[in-house]
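# An overview of the molecular structure
Letter by letter, the chains look like this.
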Amino acid sequence: MHAKTMEGLVGASTNMELMNTPFRVYKEARRRGDTATMERAMGYAGDCADKAEEYRKKAEEGIKEDAKEAREKEESERENAIQRHREEREEFEKRIEENRSGQTDTVEISLDGKAECGKNSGSDQAEPKDSASEKATEDAAKQPVIYTKTGEVSRPEPSAKLSVSV
């Protein structure tokens, strides 16, 4: 809440309560028939009412300022959200373009690595070896396999040869 709003609400409330005292004096003076005291009491009550009205106007100004600040804050948050959304979309489009561009790496395993892999797979698993599985592993060893970022297998083009030694 804005300071003007608080000041206006407190001031108006206080002056409305203070106005009760001159009204009480007015009522007592009216019972006695004292017109001079009645006029003075109404003057004080009018002053309190005027001050309460001034504070009410100040509270209204504060409320308008609060509403304006809230609108500005909401607008800036909305613009920030739109900007973040644009950046995320651009990043997403870049990732899609990278996946489509075919920039992939080929990994070749050396003979020592293949031998080590053969030792580990033979000792850990007792699976029967048939000629079809041996032929498939030999074919796989002859042609390198390329995996895209999405996990799909793609065959390399004959002209493009990229290798990574580990």
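Up top is the structure.
Let me begin by describing the structure that accompanies this report. Since the model is a prediction, treat every value here as computed from it, not as a measurement.

If you tally the helices and strands in the protein chain, you get 5 helices and 2 strands. Ordered by position in the sequence, the α and β elements of the protein chain form the string α-α-α-α-α-β-β. Across the 166 residues in the protein chain, those meeting the buried criterion constitute 11%. Contacts in the protein chain between residues far apart in sequence, at least 24 positions, make up 69% of those at least 6 positions apart. Just so you have it, the protein chain exposes about 13900 Å², and 51% of that area is on carbon and sulfur atoms.

Side chains of Glu69, Glu72, Glu75 and Glu79 sit close together on the surface and give a patch of like negative charge. Of note, Glu69 is situated in helix α3 (residues 35-101).

Next up on the list: helix α2 (residues 20-32). For α2, spanning 13 residues, the distance from its first C-alpha to its last is 19 Å, which sits close to the expected 18 Å at 1.5 Å a residue. Once α2 ends, the next one or two residues include Gly33, with phi positive near 90 degrees.

This part takes up the pattern of salt bridges. Applying the stated criterion to the full structure yields 8 salt bridges. For Arg56, the salt bridge identified is with Glu60, shortest N-O distance 2.3 Å. Taken together, the positions of Arg56 and Glu60, both in helix α3 and 4 residues apart, correspond to about one turn of that helix. You can call Glu60 partly exposed: its relative accessible area is 37%. The structure contains a network of salt bridges with shared partners spanning Lys4, Glu61 and Glu65.

A few words now on the environment of Gly46. You can see Gly46 is positioned in helix α3. With a relative accessible area of 27%, Gly46 lands in the partly exposed category. In this structure the C-alpha to C-alpha distance between Gly46 and Met19, which are 27 residues apart in sequence, comes to 8.1 Å.

Attention shifts here to the packing of α2 against α3. Relative orientation of the contacting elements α2 and α3 amounts to 165 degrees, with a least axis distance of 8 Å. Overall, the two elements α2 and α3 adopt an arrangement that is roughly antiparallel. Judged by the sense of rotation from one axis to the other, the crossing of α2 with α3 is left-handed. Residue-level contacts link Pro22, Phe23, Val25, Tyr26, Ala29, Arg30 and Arg32 of α2 to Thr37, Met38, Ala41, Met42, Tyr44 and Ala45 of α3. Of the residues that constitute the contact of α2 with α3, the class distribution is 10 nonpolar, 1 polar and 2 charged.

Nonpolar side chains collect at one region of the surface, where Met1, Met6, Leu9 and Val10 lie side by side and expose about 420 Å² of accessible area between them. Looking at the secondary structure, you find Met6 in helix α1 (residues 3-18). Classification of Met6 as partly exposed rests on a relative accessible area of 40%.

This next bit is on a positive patch on the surface. A cluster of like positive charges, contributed by Lys27, Arg30, Arg31 and Arg32, occupies part of the molecular surface. Here Arg31 lies in helix α2.

Checked against the element boundaries, Thr37 lands in helix α3. For Thr37, the contacting residues outside a window of four places in its chain are Val25, Ala29 and Arg32.

Reading the values: the criteria
- Residues numbered from 1 in each chain as written.
- Predicted model: local features only at pLDDT ≥ 70, side-chain atom pairs only at ≥ 80, totals over all residues.
- Heavy atoms only, no water.
- Helix = DSSP H or I, 4+ residues; strand = E, 2+ residues; numbered from the N terminus.
- Buried < 20%, exposed > 50% of the residue type's maximum accessible area, 1.4 Å probe, protein only.
- Contact = heavy atoms within 4.5 Å.
- Areas by Shrake-Rupley, 256 points an atom, 1.4 Å probe, with all protein chains shown as cover.
- Patch = residues over 30% accessible without salt bridge, like charges linked within 9 Å, V, L, I, M, F, W, Y side chains within 5 Å.
- Salt bridge = Lys/Arg side-chain N within 4 Å of Asp/Glu carboxyl O.
- Lys, Arg positive; Asp, Glu negative; His and termini not counted.
- Charge placed at Lys NZ, Arg CZ, Asp CG, Glu CD.
- Expected span 1.5 Å × (residues − 1).
- Axes fitted to C-alpha atoms, helices over the stretch in contact; angles between N-to-C directions.
- Parallel < 35°, antiparallel > 145°, perpendicular 65-115°, else oblique.
- Left-handed = near helix turned anticlockwise from the far one by under 90°.
- Nonpolar A, V, L, I, M, F, W, Y, C, P; charged D, E, K, R; others polar.

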